[in-house]
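Per-entry structural report
Residue-level listing of the chains:
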Amino acid sequence: MRSLFVLEKREEKVVENIVFMAIFVHYLSILLITTVFSVVSFLLHRANRLRRLRLPPGNLGLPFLGETLQLISAYKTENPEPFVDKRVKRYGSIFTTHIFGEPTVFSADPETNRFILQNEGKLFECSYPGSISNLLGKHSLLLMKGNLHKRMHALTMSFANSSIIKDQLLVDIDRLIRLNLDSWPDRVFLMEEAKKITFELTVKQLLSFDPGEWSENLRKQYVLVIEGFFTIPLPLFSTTYRRAIKARRKVAEELSKIVSERREGYERGERKSDMLGALIGEWDEQFSNEEIVDFLVALLVAGYETTSTIMTLAVKFLTQTPLALAQLKEEHEEIRVKKSKSEALEWSDYKSMTFTQCVINETLRVANIISGVFRRTMTDVNIKGYTIPKDWKVFASFRAVHLDHDHFKDARTFNPWRWQNIPGTSCSGNFYTPFGGGPRLCPGYELARVEISIFLHHLATQFSWVPAEEDKLVFFPTTRTQKRYPINVQRRY
Ligand code: HEM
Ligand SMILES: *[C@@H]1O[C@H](CO)[C@@H](O)[C@H](O)[C@H]1NC(C)=O
Ligand SMILES: *[C@@H]1O[C@H](CO)[C@@H](O)[C@H](O)[C@H]1NC(C)=O
């Protein structure tokens, strides 16, 4: 009796289960059908919309990978131009491609580039992958938007404008570069030395610290952070990325300590006229330590690889162009003969380095480390008869314009003299944007020029050098030489 009851109970349960399953399957199928239907209609709608929108022509390549592999293999060589040349020839100077996981509109057109830069914050906004935002920190100038960005950009500009460089920064730039060159052995990796120099200069400008063990240790952590920018950002798979995140934390801790100390000093009435001083003191609102640290990290990132690469490549191109090197040396000897051996350079000396400016412009033109900028459309954008849909990636390629024969004669040869003859004509304006433009124009453009010029001055007057090995340029993941440009140096006095 008892067992029968149990059986009945069990049967009831089975029936209940079957009914439940049937209902469940029924619902599931309805759900499935509606989902499939809505996905299909969404895709159709989107495809229709895209067709209606008239995208720039192009090829999206393979699913997911798109044309990423073609891009990477081109930029790993000394001559990456065919990737863009081929597409410009086939589709025109604005084309659609699919790189780094997303469809992307690629612009090799100066007017379009200018339009993109000028409409920052209105039609376009800057866009970095999450992995890079994590390393930069969320309060970085590079990631800021809107009004806050406007104010912080202006602050950064006013900290690095020409009167500040002239009155405050130049003395230390001259002194620290000299100090660094004094310690060189007979053989150096120029790229390494240039990186050390730019890091030391930035630490001095931001925090007023002279180079030493502290800054060198910070730089070592810092190098690990930078490596993280160029790896596959999957924390579970990439040890480099994990190491970068850890190093970022250490850098932040070190800087945060300094910020706290400086705050205490500020309370006691101590004032320093560096960037940190401005961040602590000059604002009605108070920035948190985290905000200040993110801000400092961004400035360290933005000036480091860029300036040191141009220093190194200017030397490489000069070495390959003996006439240009001779003319540069002459310019700097002329400045030096009027001074004693250890006398500091002045602003008027910098201003008299006219050929040096041509060399710097030409180096930036043929091998800028920032070959262009990524943006995302904030709305459907109409340009040149095409429509770029909202939320699409756009790449404004400066490099493609700088190396276009229509805009620069013999565009693909290093020729610093081209900058001598044509003041304000084809070499300026819309065609030449090594420092970007619009609301995100590089705030360090003058500072970088001064640092590179002073570096070239001391190198050219104190040393002669020969490359120690053959060393090739590559453009991926960044613009650099494969072997960090080793040179044998000889002191001239
Ligand atoms: C040769 C050296 C340099 C080159 C070629 C360069 C190039 C650029 C370019 C093209 C941009 C625009 C990025 C964009 O629009 O998304 C930029 C932004 C920036 N640069 Fe430079 N830069 C150099 C040196 C420096 C230095 C020395 C500093 C240090 C003060 C610096 C600080 C910045 C900052 C903070 C930004 C972000 C601006 C913003 O998003 O509002 N750069 N740089
Ligand atoms: C540079 O910035 C300072 C403030 O830091 C300002 O007083 C000065 O007028 C600026 N100079 C130029 C040339 O813009
Ligand atoms: C170098 O380029 C800048 C634009 O970034 C321009 O203003 C300047 O006149 C150029 N210098 C020379 C010597 O042509």
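Residues numbered from 1 in each chain as written. Chains lettered and ligands numbered in written order. Predicted model: local features only at pLDDT ≥ 70, side-chain atom pairs only at ≥ 80, totals over all residues.

An unreviewed UniProt entry lists the protein under the name Cytochrome P450 90A1, with Hibiscus sabdariffa given as the organism. The UniProt entry for the protein carries the following comment under Cofactor (unreviewed entry): "heme". Per UniProt, the protein has the following entry under Subcellular location (unreviewed entry): "Membrane". (UniProt positions renumbered as here; feature names shortened; annotations may be inferred.)

With respect to burial, strand β8 (residues 393-397) is a largely interior element, five of its five residues being buried. On β8, burial covers both faces: Lys393, Phe395 and Ser397 on one face and Val394 and Ala396 on the other are all buried. The pairing of strand β2 (residues 102-107) with β8 spans four bridges and is parallel. Considered in β8, the bridge of phenylalanine 106 is made with phenylalanine 395. Relative to β8, strand β5 (residues 372-377) is paired through five bridges, and the arrangement is antiparallel. In the strand pairing of β8, arginine 376 is matched with lysine 393. (Buried ≥ 20, exposed ≤ 12 C-beta atoms within 10 Å, placed from the backbone. Helix = DSSP H or I, 4+ residues; strand = E, 2+ residues; numbered from the N terminus. Pairing = 2+ DSSP bridges.)

This next bit is on the site of ligand 1. What surrounds ligand 1 is a group of 25 residues, the closest being Ala302, Gly303, Gly436, Cys442 and Gly444. For the shell around ligand 1, the secondary structure elements donating two or more residues are α6 (146-159), α12 (289-320) and α18 (445-462). Class assignment for the residues of the shell around ligand 1 results in 16 nonpolar, eight polar and one charged. (Near = placed C-beta within 6 Å. Nonpolar A, V, L, I, M, F, W, Y, C, P; charged D, E, K, R; others polar.)

Now for the sheet that holds strand β12 (residues 486-491). Spatially, the three strands line up as an open sheet ordered β4-β12-β9, and their pairing is antiparallel. Either end of the sheet is taken by a strand with one partner, and the two such strands are β4 (187-189) and β9 (463-467). Neighbour-to-neighbour, the strand axes of the sheet open up by a mean angle of 35°, direction not taken into account. Examined bridge by bridge, β9 and β12 share five bridges and lie antiparallel to one another. Bridge pairing in β12 places phenylalanine 463 opposite arginine 491. Docked against the sheet, helix α8 (residues 190-207) engages β4 and β12, running at close to 65° with respect to β4. (Axes fitted to C-alpha atoms, helices over the stretch in contact; angles between N-to-C directions. Contact = placed C-beta atoms within 7 Å.)

Here we come to the pairing of β5. It is a general feature of regular strands that their side chains alternate between the two faces of the sheet. Both strand β3 (residues 124-126) and β5 contribute to a ladder of three bridges, which runs antiparallel. Each residue of the ladder has a partner; that of glutamate 125, found in β5, is arginine 376.

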